[in-house]
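Spelled out from the first residue to the last, the chains are:
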Amino acid sequence: EPDGESDGDGESDTDGESDGESEPDAQKLAAADALGEARAAPALLAAVDDPSVPPLVRLQAASALARAARPGDASTLARLRGEEPTSDLRAALHRALAAVDRPRGATIARQVLRGTAATPGFDAGVHDVEYRAAVEILGEAGDTADLPLLLASPVSRDRRAGGLSAATRIVSRLPPGP
């Protein structure tokens, strides 16, 4: 073996590093990534909150908040979502909110699925992206009480499949039966 080290797989390590040496480096990179995302949250929130920012940039900022937002941003995310007139941006803000405050995200998802979201004139057919986001969020954060909402007979086959998939995720989290 060229460097005298082996990782236990019968092959020599020729790069001078054992598998264990690269693991802390990966952890450091992941921590730096997370710190960078957390530091980006205020700028992303400001971009979403500024109507002079082009719509696509606002949407991209809102989407990035799903990874960058911090728990303390939940109220701001909920406010922005409630004030936002466009369904794409509302859905992205909803996903970001659910990432930092699952119960609040699930509550809004239930409202959306019931068609009683805070948006006047809400129509699941017109605001399909919001409907899909709500289904995804309930699949991750909902419970068995949400199954009727998810399994209700929606208009399209895609919606039915999304509801079934979300319901399956909820059921898969249940403890095994007797």
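As the structure is a computational prediction, the values presented were derived from the model and not from experiment.

1. Quick notes on the packing of helix α3 (residues 74-83) against helix α5 (residues 102-113)
Here comes step 1: Running from amino to carboxyl end, α3 crosses α5 at an angle of 15°, the nearest separation of the two axes being 11 Å. Here α5 runs roughly parallel to α3, going by the angle between their axes. Where α3 crosses over α5, the handedness of that crossing is right-handed. Where α3 abuts α5, its residues A74, S75, A78 and R81 lie against R104, I108 and V112.
Here comes step 2: Residues of the contact of α3 with α5, tallied by class, amount to four nonpolar, one polar and two charged.

2. Looking at the nonpolar core
Here comes step 1: Residues V48, L65, L77, L93, L113, L138 and L150 are the most contacted members of the largest nonpolar core, which totals 37 residues.
Here comes step 2: Looking at this core, the elements with two or more residues in it are α1 (19-49), α2 (55-68), α3, α4 (87-100), α5, α6 (128-141), α7 (147-151) and α8 (157-172).
Here comes step 3: No other element matches the seven residues that α4 contributes to this core.
Here comes step 4: What L93 contacts, discounting residues up to four positions off in sequence, is V48, A62, L77, L80, R81 and E84.

3. Considerations on the packing of α4 against α6
Two quantities define a packed helix pair, namely the angle between the axes and the distance from one axis to the other.
Here comes step 1: Two elements in contact, α4 and α6, have axes separated by 8 Å at closest approach and are oriented at 15°. Between α4 and α6, the angle is such that the two are roughly parallel. For α4 against α6, the interelement crossing comes out right-handed. In contact with S87, D88, R90, A91, H94, R95 and A98 of α4, α6 contributes V129, E130, R132, A133, A134, E136 and I137.
Here comes step 2: When its residues are assigned to classes, the contact of α4 with α6 shows six nonpolar, two polar and six charged.

4. Some remarks on the confidence of the model for the protein
Here comes step 1: Per-residue confidence for the protein averages 79 on the pLDDT scale, and 69% of its residues sit at or above 70.
Here comes step 2: Here α1 stands out as the least confident element of the protein, with mean pLDDT 69; α3 is the most confident, with 96.
Here comes step 3: A low-confidence stretch, residues 1-21 stays under pLDDT 50, and its non-local contacts, those more than four residues away or across chains, total 18 contacts.

5. Describing the environment of A41
Here comes step 1: Position of A41 among the secondary structure elements: in helix α1.
Here comes step 2: Classification of A41 as buried rests on a relative accessible area of 0%.
Here comes step 3: Residues A41 and A61 lie 20 residues apart in sequence; the distance between their C-alpha atoms is 9.0 Å.
Here comes step 4: Residues contacting A41, with those up to four places away along its chain left out, are L65, A68, A69, R70 and D73.

6. Considerations on the pattern of salt bridges
Here comes step 1: For the coordinates displayed, the defined rule picks out ten salt bridges.
Here comes step 2: The shortest N-O distance in the salt bridge between D73 and R70 comes to 2.9 Å.
Here comes step 3: For R70, a relative accessible area of 32% gives the class partly exposed.
Here comes step 4: The salt bridge involving R95 is made with E136; its shortest N-O contact spans 3.0 Å. Of this pair, R95 sits in helix α4 while E136 sits in helix α6; the two residues are 41 residues apart in sequence, bridging distant segments of the chain.
Here comes step 5: Relative accessible area serves as the criterion here: at 30%, R95 is assigned to the partly exposed category.
Here comes step 6: For E136, a relative accessible area of 38% corresponds to the partly exposed category.
Here comes step 7: When salt bridges that share partners are traced, they join D49, R79 and E83 into one network.

7. Quick look at α2
Here comes step 1: Its 14 residues place the ends of α2 19 Å apart at the C-alpha level, agreeing with the 20 Å of an ideal helix rising 1.5 Å per residue.
Here comes step 2: All of the buried residues in α2 are R58, A61, A62, L65 and A68. Buried positions in α2, seen along its axis, are confined to an arc of 120° and lie on one side of it. With respect to the buried face of α2, the exposed residues turned more than 90 degrees away are L56 and R67.

Cut-off values and rules
Residues numbered from 1 in each chain as written. Predicted model: local features only at pLDDT ≥ 70, side-chain atom pairs only at ≥ 80, totals over all residues. Heavy atoms only, no water. Axes fitted to C-alpha atoms, helices over the stretch in contact; angles between N-to-C directions. Helix = DSSP H or I, 4+ residues; strand = E, 2+ residues; numbered from the N terminus. Parallel < 35°, antiparallel > 145°, perpendicular 65-115°, else oblique. Left-handed = near helix turned anticlockwise from the far one by under 90°. Contact = heavy atoms within 4.5 Å. Nonpolar A, V, L, I, M, F, W, Y, C, P; charged D, E, K, R; others polar. Core = buried A, V, L, I, M, F, W, Y, C linked by side-chain atoms within 4.5 Å. Buried < 20%, exposed > 50% of the residue type's maximum accessible area, 1.4 Å probe, protein only. pLDDT = per-residue confidence, 0-100. Salt bridge = Lys/Arg side-chain N within 4 Å of Asp/Glu carboxyl O. Expected span 1.5 Å × (residues − 1). Arc of directions from axis to C-beta.

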